[in-house]
Amino acid sequence: MTYDINTIYTKYKQLSKKQRQQLLATLQSQGINIVKIEAYEYSDAPGIKHLFFYFAEDSRKAIPYFMLDSEVWEKTQLYIMQE
């Protein structure tokens, strides 16, 4: 199931630090090497929300959610909504 970014963004922001750590551990156990997820809202355009993903291969490079492999994005959405 696919959710809109506002729903996923809001749900992710509601997660506690522990739940976020569990989310990363779950994704990593599935072979998705995400080490950090950053929720970002543009100050000059508050309606525009993004999630940026950082992978173990290059932890300094931010990948926006819409550039993720579709399978990775689907699994990430699923796990965020389950938390």
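Residues numbered from 1 in each chain as written. Predicted model: local features only at pLDDT ≥ 70, side-chain atom pairs only at ≥ 80, totals over all residues. Heavy atoms only, no water.

**Comments concerning the pairing of strand β2 (residues 49-55)**
The following threshold applies: Each residue is placed in one exposure class: buried if its accessible area under a 1.4 Å probe, protein chains only, is under 20% of its type's maximum, exposed if it is over 50%, and partly exposed if it falls in between. Helix and strand definitions follow DSSP, with helices as H or I runs of at least four residues and strands as E runs of at least two, each counted in order from the N terminus. Strand pairing is defined by DSSP finding a minimum of two bridges between the two strands.
Counting buried positions along β2 yields 7 of 7 residues, so the element is predominantly enclosed. Burial of β2 is two-sided: the residues Lys49, Leu51, Phe53 and Phe55 facing one way and the residues His50, Phe52 and Tyr54 facing the other way are all buried. Relative to β2, strand β1 (residues 34-41) is paired through 7 bridges, and the arrangement is antiparallel. Across the sheet, the residue bridging to Glu38 is Phe52, located in β2. Bridge count for β2 against strand β3 (residues 58-64) is 4 bridges, and the pairing is antiparallel. Among the inter-strand pairings, Phe52 is bridged to a residue of β3, identified as Pro64.

**Here we look at the nonpolar core**
Most often, soluble globular proteins have nonpolar side chains that are buried together. Convention followed: The definition of a nonpolar core used throughout is a set of buried Ala, Val, Leu, Ile, Met, Phe, Trp, Tyr and Cys residues joined through side-chain atoms within 4.5 Å. Only heavy atoms enter the contact rule, under which two residues are in contact if any of them lie within 4.5 Å.
Membership of the largest hydrophobic core comes to 21 residues, with the highest contact counts inside it found for Leu23, Ile34, Ile37, Leu51, Phe53, Phe55 and Trp73. Once you skip the residues sitting within four places of it in the chain, Phe53 turns out to touch Ile34, Lys36, Ile37, Lys61, Ala62, Ile63, Tyr65, Leu68, Trp73 and Thr76.

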